[in-house]
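# Inside the fold
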Amino acid sequence: MLDVCLLGTGGVVPLPNRWLSSLLIKCNGRMMLIDCGEGTQISLRMAAWGFKAIDAILFTHYHADHIAGLPGLLLTLGNSGRAEPLTLLGPPGLKKIVEGLTVISPILPYELKLIELSIIESVETCLNDLVIKSLPVEHTLPCIAYSLELKRQGKFDVERAKHLKIPVNYWNRLQKGMTITLADQTIGPQMVLGELRKGIKVCYCTDTRPTIGLVEFIQDSDLFICEGMYGDQIDSGKAEQKKHMMFSEAGFLAKQGKVKELWLTHYSPSLTEPQEYIETVRTIFPKTIAAKDLLIKSINFTD
Ligand SMILES: [Zn+2]
Ligand SMILES: [Zn+2]
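Summarised in this report is the structure supplied together with it. (Residues numbered from 1 in each chain as written. Chains lettered and ligands numbered in written order. Predicted model: local features only at pLDDT ≥ 70, side-chain atom pairs only at ≥ 80, totals over all residues. Heavy atoms only, no water.)

### Comments concerning the coordination of the zinc ion (ligand 1)
For the zinc ion (ligand 1), the protein coordination sphere consists of D65 (OD), H66 (NE2), D207 (OD) and H266 (NE2), at 2.1 to 2.3 Å. All donor residues of the zinc ion (ligand 1) come from one chain, and their arrangement in sequence is D-H-x140-D-x58-H. Note on D207: relative accessible area 2%, which makes it buried. (Donors = N, O, S within 2.8 Å, 3.2 Å for Na, K, Ca; no water. Buried < 20%, exposed > 50% of the residue type's maximum accessible area, 1.4 Å probe, protein only.)

Following this line, the structure appears as structure tokens:
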């Protein structure tokens, strides 16, 4: 199972009733965060999932509304007793940005591991139990969309395990993908597991114009969280110029990517009532939600 909490839905500046866009993901008791703008640690506190289990922060890009909250959160993690390393991932320039921001949070009781991702090609990384893929997108700064996948092992073949005379107390380890040694025999999970089954896939994409690469990248996602900077078509020129997306463009991506559900986020501060434009998007992609802060969802394996 994978749990997600959209901590905020704002773009550009935090507002009294709308925190900046950021996503918290929980899987097998561990968590990661995508983006950390000003005030994200307040919405994190409101979500009440705790801070200690956050092992990684992924950045889409380095505009202030996506990263200015980092030094404060780093200090809070330190004050909460964190000793384990924290991994930060983002486009090139991460090292320089973190050096700059940590001038005001210089002493941390844990190590920061920095991973700079390519802005030329898609990269795959494994963190905790999740496969994280990045995709360069099209914004005014180098920017990355993320997909997070929880893979699912194939079905355990009981008959095969019995035939191989594997004692029952070893089955669980094989089911988890581990290799076991029995007397003189090494048994790998592939010997008793069927084909990989459909896992869980969540994609997060802000800030960008819609790109052809995104359609394939988000293909068959269980949840696609995408920026909807503007709802009114009158703002389409602004979206093109500032490299952001309209509600309708997010809807078309969701439709072409055959995702199960679309959540819109990263609203312009001028967009006070996102709900006003939702019906238009639903004519393109019916399962669209104009997300609100702290929207949560638990996603289970389908069979
Ligand atoms: Zn932004
Ligand atoms: Zn931006």
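### Notes on the layout of surface pockets
Of the volumes computed, that of the largest pocket is approximately 270 Å³. Lining the largest pocket, in full, are M1, N28, D129, L150, K151, R152, Q153, Q175, K176, R197 and F301. Ranked by residues supplied to the lining of the largest pocket, first place goes to strand β9 (residues 143-152) with three residues. Looking at the lining of the largest pocket residue by residue, the class counts come to three nonpolar, three polar and five charged. (1 Å grid on protein atoms, 1.4 Å probe; cavity = no way out; pocket = protein on both sides within 12 Å on 5 of 7 lines; lining within 4 Å. Points joined across faces, edges and corners; volume = space filled by probe spheres on them. Helix = DSSP H or I, 4+ residues; strand = E, 2+ residues; numbered from the N terminus. Nonpolar A, V, L, I, M, F, W, Y, C, P; charged D, E, K, R; others polar.)

### What about the coordination of the zinc ion (ligand 2)?
Within the first shell, the zinc ion (ligand 2) binds the protein through H61 (NE2), H63 (ND1), H139 (NE2) and D207 (OD), at distances of 2.2 to 2.5 Å. Around the zinc ion (ligand 2), the four donor atoms are arranged such that angles at the metal cover 92 to 166°; this shape is classified as irregular. Within one chain, the residues serving as donors to the zinc ion (ligand 2) are arranged as H-x1-H-x75-H-x67-D. Between the zinc ion (ligand 2) and the zinc ion (ligand 1) the interatomic distance amounts to 3.6 Å, and D207 serves as a bridging ligand to the pair. Highlighted residues: H63 in the loop between β4 (54-58) and α2 (64-67) and D207 in the loop between β12 (197-205) and α7 (212-217), separated in sequence by 144 residues. (Tetrahedral: all angles 85-135°; square planar, octahedral: opposite > 155°, others 65-115°.)

### So, the packing of aromatic side chains
Under the counting rule described, the total for this entry stands at four aromatic pairs. Taken together, a centroid distance of 6.0 Å and an interplanar angle of 45° make the contact between F247 and Y267 tilted. Placement of F247 in helix α9 (residues 247-256) and of Y267 in the loop between β14 (262-265) and α10 (278-284) is noted, with a sequence separation of 20 residues between them. On the basis of relative accessibility, which here comes to 1%, the residue F247 falls in the buried class. Residue Y267 is classed as buried on the basis of its relative accessible area, which comes to 1%. Three or more aromatic residues link up through ring pairs in this structure, and these residues are F247, Y267 and Y277. The positively charged end of R82 is found above the aromatic ring belonging to Y110, 5.9 Å away from the centroid. (Phe/Tyr/Trp six-rings, centres within 6.5 Å; stacked < 30°, edge-to-face > 60°. Lys NZ or Arg CZ within 6 Å of the ring centre and 35° of its normal.)

### Digging into the sheet that holds β9
Here seven strands make up an open sheet; going across it, the order is β7-β8-β9-β12-β13-β14-β15 and the pairing mixed. With partners counted over all chains shown, the strands left at the sheet margins are β7 (123-127) and β15 (288-290), one partner each. Pairwise comparison of adjacent strand axes, ignoring direction, gives a mean angle of 20° for this sheet. (Pairing = 2+ DSSP bridges. Axes fitted to C-alpha atoms, helices over the stretch in contact; angles between N-to-C directions.)

### Describing the pattern of salt bridges
Counted by the stated rule, this structure contains 13 salt bridges. One salt bridge connects E279 with R282, and the closest N-O pair in it is separated by 3.3 Å. Taken as a pair, E279 and R282 lie in helix α10 at a separation of three residues, close to a single helical turn. Several salt bridges converge on common partners, so that one network encompasses R30, D55 and R82. (Salt bridge = Lys/Arg side-chain N within 4 Å of Asp/Glu carboxyl O.)

### So, the pairing of strand β13 (residues 223-227)
Every other side chain in a regular strand lies on the same face of the sheet, so the side chains alternate between the two faces. Most of β13 is tucked away: five of the five residues are buried. Going residue by residue along β13, you find L223, I225 and E227 tucked away on one face and F224 and C226 tucked away on the opposite face as well. Sheet topology note: the β12/β13 ladder contains four bridges and is parallel. Paired with C205 across the bridge in β13 is C226.

### Considerations on the nonpolar core
The tendency in soluble globular proteins is for nonpolar side chains to be buried side by side. If you look at the biggest cluster of nonpolar residues, it comprises 53 residues, and the most contacted ones within it are I25, M32, L58, L214 and F224. It is β9 that provides the largest number of residues to this core, a total of six residues. The contact partners of F224, leaving out residues within four places of it in the chain, are C203, C205, I218, A250, L253, A254, V259, E261, L262 and W263. If you look at the next biggest cluster of nonpolar residues, it comprises 25 residues, including A53, F59, I67 and L88. (Core = buried A, V, L, I, M, F, W, Y, C linked by side-chain atoms within 4.5 Å. Contact = heavy atoms within 4.5 Å.)

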